[in-house]
Amino acid sequence: MQFAKFMASTTGRAIRIVAGLALIGIGWLGLAGTTTGYVLIGVGLVPLLAGIFDVCVFAPIFGGAFKGSAARNRTK
């Protein structure tokens, strides 16, 4: 549950966005034109979009809420 709480926080969202951008950057610039590069870009989109839209796809597995605002309301 602590994991879900952290990921719903502003810091957790920022980490997801930065991690997504890093994966996309490595895939696009570091491994351009390779299958691995395309896979990294696709994988990087998941945390990037999750951070932007304030959702955590893994939180329900750990007992948290899918939507970040719902997870923050539970912690209060």
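For the structure, see preceding data.
Starting from 1, residues in each chain are numbered consecutively following that chain's sequence as written. Local features in this predicted model are restricted to residues whose pLDDT is 70 or higher, and side-chain atom pairs enter the listing and the counts only when it is 80 or higher, whereas totals over whole chains, interfaces and linings include all residues. Values shown for side chains rest on all heavy atoms present in the structure; no hydrogens or waters enter the calculation.

> Would you take a moment to explain the overall build of the protein for this structure?
Counting secondary structure elements, the protein contains four helices and zero strands. From first element to last, N terminus to C terminus, the protein shows the α and β order α-α-α-α. Referenced to the eigenvectors of the C-alpha coordinate spread, the extents of the protein come out at roughly 45 × 20 × 15 Å. Each residue's exposure class comes from its accessible area (1.4 Å probe, protein chains only) as a fraction of the maximum for that residue type: buried when under 20%, exposed when over 50%, partly exposed otherwise. Within the protein, buried positions represent 30% of all 76 residues. Helix numbers and strand numbers start at the N terminus; a helix is a DSSP run of H or I with at least 4 residues, a strand a run of E with at least 2.

> Is there a simple way to think about the side chain of R16 in this case?
Positionally, R16 belongs in helix 2 (residues 10-30). Only four residue types enter the charge count: Lys and Arg as positive, Asp and Glu as negative, with His and the chain ends excluded. Any carboxyl oxygen of Asp or Glu that lies within 4 Å of a side-chain nitrogen of Lys or Arg is treated as forming a salt bridge with it. Buried and unpaired, R16 has D54 as its nearest opposite-charge partner, separated by 4.5 Å. Whether two residues touch is decided by their heavy atoms; if any such pair falls within 4.5 Å, the residues are in contact. Leaving out residues up to four positions away in the same chain, R16 has contacts with M7, P47, L48, A50, G51, V55 and C56.

> So what exactly am I meant to see when it comes to the pattern of salt bridges here?
Note that side chains of opposite charge can pair when their charged atoms are close. In total, this model carries one salt bridge according to the counting rule given. Close ionic contact of D54 with R13 constitutes a salt bridge, the shortest N to O distance being 3.6 Å. With D54 in the loop between helix 3 (35-52) and helix 4 (68-75) and R13 in helix 2, this pair connects stretches of sequence that are 41 residues apart. Judged by relative accessible area, D54 falls into the buried class, the value being 8%. Residue classification places R13 among the partly exposed positions, given a relative accessible area of 26%.

> What is the right way to look at the environment of A14 in this model?
As for its placement among the helices and strands, A14 is situated in helix 2. Look at A14 and you get partly exposed, because its relative accessible area is 38%. Placed 34 residues apart in sequence, A14 and L48 show a C-alpha to C-alpha distance of 9.1 Å.

> Sorry, what's going on with the packing of helix 2 against helix 3 here?
Packed helices, taken two at a time, are described by the angle between their axes plus the distance between the axes. Every angle, taken between N-to-C directions, lies between 0 and 180 degrees, and every axis is a line fitted to C-alpha atoms, over only the stretch in contact when it is a helix. Following both chains from N to C, one finds helix 2 and helix 3 inclined at 160°, their axes separated by 7 Å at the closest point. Classified by the angle their axes make, helix 2 and helix 3 are roughly antiparallel. Here helix 2 and helix 3 pass one another in a crossing that is left-handed. Facing R13, R16, I17, G20, L21, L23, I24, I26, G27 and W28 of helix 2, the residues of helix 3 in contact are G37, L40, I41, V43, G44, L45, P47, L48, A50, G51 and I52. Classification used: nonpolar for Ala, Val, Leu, Ile, Met, Phe, Trp, Tyr, Cys and Pro, charged for Asp, Glu, Lys and Arg, polar for all others including Gly. Here the residues of the contact of helix 2 with helix 3 are counted per class, giving 14 nonpolar, five polar and two charged. Any angle between 65 and 115 degrees counts as roughly perpendicular, while under 35 counts as roughly parallel, over 145 as roughly antiparallel, and the rest as oblique. By convention, the crossing between two helices is left-handed when the near helix turns anticlockwise from the far helix through less than a right angle, and right-handed when the turn is clockwise.

> Is there a simple way to think about the environment of L21 in this case?
Note that L21 resides in helix 2. With 26 residues separating them along the chain, L21 and P47 place their C-alpha atoms 8.6 Å apart.

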